[in-house]
Amino acid sequence: MTRKVTIRDLAEAAGVSVTTVSQILNGKGERFSLDTRRRVHQLQEEMGYVPDFNARNLIMKSAQTIGVLVPNLGNPFFSMFIRGVQETSRERHFIPLIFGANHDEKLESYYLEELIKRAVDGLIIASASITAEAIDNILKKNGIPYLLIDQNGGPSVDRVQINDEQGGQLAADHLLALGHEKIAVVMPDDPTQNLQIRLAGFKHRLAEHHVDLPENAIVHSAMTKLGGYQATAAVLAQHPTAVFAINDETALGLMRGLHEQGLSVPNDISVLGYDDIDLDEYVVPKLTTIHQPVVTMGQQATGLLINRIKDQRQAAQLVDLPVDLRERESTAHLK
Ligand code: RIB
């Protein structure tokens, strides 16, 4: 097996020093003759020299790498988030290392520690179970810049936040405008901070219109298609005319369950989701939902984190992103 061509091989072939080659290849060679620069680039091509990024890291003390931890890669919400992360990472010449921990706290801690061992420059953590002590013990003690999305564990220095209270209010306004007052909600046990705010916005708006949401009208399930499907019987036991599912995956699973019970959405029961994932347009009926600008969220989170990596002393950065209602076919006026 031939060994990898090194910068030393290239320098010897070109008859110049390693420093000269490094400066020319890093675009800082204007002080060398055109002939020297041309010879170095031509030999790089002929010898197939590719800079060793690990060696460069040692000099630059930066891997230009960020770790991204999300709960569930199978949820289109997070794959759209990652699309935004990748777009901004590429623009800023960083590489994202992406992991989905499926709400498994042990797996999450494993990935967190492995990412830190690999000297990532910063972390974006959009995970449900990250704890304040993990943040303090692993991240703060290691001086690793990080940005939390949707999470518990206290405010990270920089924040990209979606106006979830407004989202909950928009959901309530929509169902109230359709005449619904007997409403069920489906959401996970132990919800993250943003989901709690979302539900609070929903409940408070109902209360402003003297509509009650009793505790037993809140059905708990995993925030997945299967979770929504498995919640069907508990939802129907409340005899609601409308259901607010805390995210689209839950809504889609619930719609499948309602269909299997012979119920028509929205003629027998309205279903409202939250996220606006791409699947919403391809199910029958199309899902009415609250739109989250999730690609922008990924872009902004990455931008703020890279800013922090480049200057850890800068003032806290805050980005607020709006939500809006996307009315489709799964909600209708109370018969
Ligand atoms: O669908 C995933 C959910 O987890 C989204 O609503 C997002 O806000 C996160 O909390």
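### What about the site of the ligand?
So, step 1. In the region of the ligand, the neighbouring residues are Asn75, Phe77, Phe78, Asp150, Asn194, Leu195, Arg198, Met223, Asn247, Asp275 and Gln292.
So, step 2. Contact distances for the ligand include 2.8 Å between an oxygen atom and a side-chain N or O atom of Arg198.
So, step 3. Residue Gln292 places a side-chain N or O atom 3.1 Å away from an oxygen atom belonging to the ligand.
So, step 4. A total of 280 Å² of accessible area belongs to the ligand in isolation, and the protein chains cover 97% of it.
So, step 5. Secondary-structure elements contributing two or more residues to the shell around the ligand are helix H5 (76–91) and helix H9 (193–208).
So, step 6. If one sorts the elements of the shell around the ligand by residue count, H9 sits on top with three residues.
So, step 7. When the residues that make up the shell around the ligand are grouped by side-chain class, the tally is four nonpolar, four polar and three charged.
So, step 8. Here the shell around the ligand spans two domains, and each of domain 2 (65–162 + 294–322) and domain 3 (164–292) adds at least three residues to it.

### What to know about the pairing of strand S1 (residues 65–70)
So, step 1. Of all six residues in S1, six are buried; the element is thus mostly enclosed.
So, step 2. Burial along S1 is two-sided: Thr65, Gly67 and Leu69 and Ile66, Val68 and Val70, pointing in opposite directions, are all buried.
So, step 3. As paired elements, S1 and strand S2 (residues 95–100) share six bridges and run parallel to each other. Within S2, the residue paired with Ile66 across the bridge is Pro96.
So, step 4. Handedness of the S1-H5-S2 crossover: right-handed.
So, step 5. As defined by bridge partners, S1 adjoins strand S3 (residues 122–125) across four bridges and the pair is classed as parallel. Within S3, the position partnered with Gly67 by the bridge is Leu123.

### Regarding the nonpolar core
So, step 1. Formed by 65 residues in total, the largest nonpolar core has its most connected members in Phe81, Ile124, Ile149, Val160, Phe202 and Phe244.
So, step 2. With eight residues, the single largest contributor to this core is helix H13 (residues 294–310).
So, step 3. Among the domains, domain 2 (65–162 + 294–322) and domain 3 (164–292) are the pair contributing at least three residues each to this core.
So, step 4. Beyond its immediate stretch of four places on either side in the chain, Val160 contacts Leu147, Ile149, Met297, Gln300, Ala301, Leu304, Val319 and Leu321.
So, step 5. Judged by nonpolar contacts, the second largest core, of 16 residues, contains Leu112, Ile130, Leu139 and Leu148.

### Regarding the packing of aromatic side chains
So, step 1. Considering all chains together, one arrives at five aromatic pairs under this definition.
So, step 2. For the ring pair Phe99 and Tyr111, a centre distance of 4.3 Å and an interplane angle of 25° mean the geometry is stacked. Taken together, the residues Phe99 in strand S2 and Tyr111 in helix H6 (residues 105–117) connect sequence positions 12 residues apart.
So, step 3. Given a relative accessible area of 25%, Phe99 falls into the partly exposed group.
So, step 4. The exposure class of Tyr111 is buried, given its relative accessible area of 18%.
So, step 5. Seen in terms of ring centroids, Phe202 and Phe244 are 4.7 Å apart; in terms of plane orientation they differ by 35°. Their pairing is tilted. Of this pair, Phe202 sits in helix H9 while Phe244 sits in strand S8 (residues 242–245), and the two are 42 residues apart along the sequence. The burial state of Phe202 is the same as that of Phe244; both residues are buried.

Conventions used here
- Residues numbered from 1 in each chain as written.
- Predicted model: local features only at pLDDT ≥ 70, side-chain atom pairs only at ≥ 80, totals over all residues.
- Heavy atoms only, no water.
- Near = heavy atom within 4 Å.
- Polar contact = N/O pair within 3.5 Å; in protein donor to acceptor, adjacent residues only side chain to side chain.
- Areas by Shrake-Rupley, 256 points an atom, 1.4 Å probe, with all protein chains shown as cover.
- Helix = DSSP H or I, 4+ residues; strand = E, 2+ residues; numbered from the N terminus.
- Nonpolar A, V, L, I, M, F, W, Y, C, P; charged D, E, K, R; others polar.
- Domains from an automatic or database assignment.
- Buried < 20%, exposed > 50% of the residue type's maximum accessible area, 1.4 Å probe, protein only.
- Pairing = 2+ DSSP bridges.
- Right-handed = clockwise from strand over helix to strand, strands pointing away.
- Core = buried A, V, L, I, M, F, W, Y, C linked by side-chain atoms within 4.5 Å.
- Contact = heavy atoms within 4.5 Å.
- Phe/Tyr/Trp six-rings, centres within 6.5 Å; stacked < 30°, edge-to-face > 60°.

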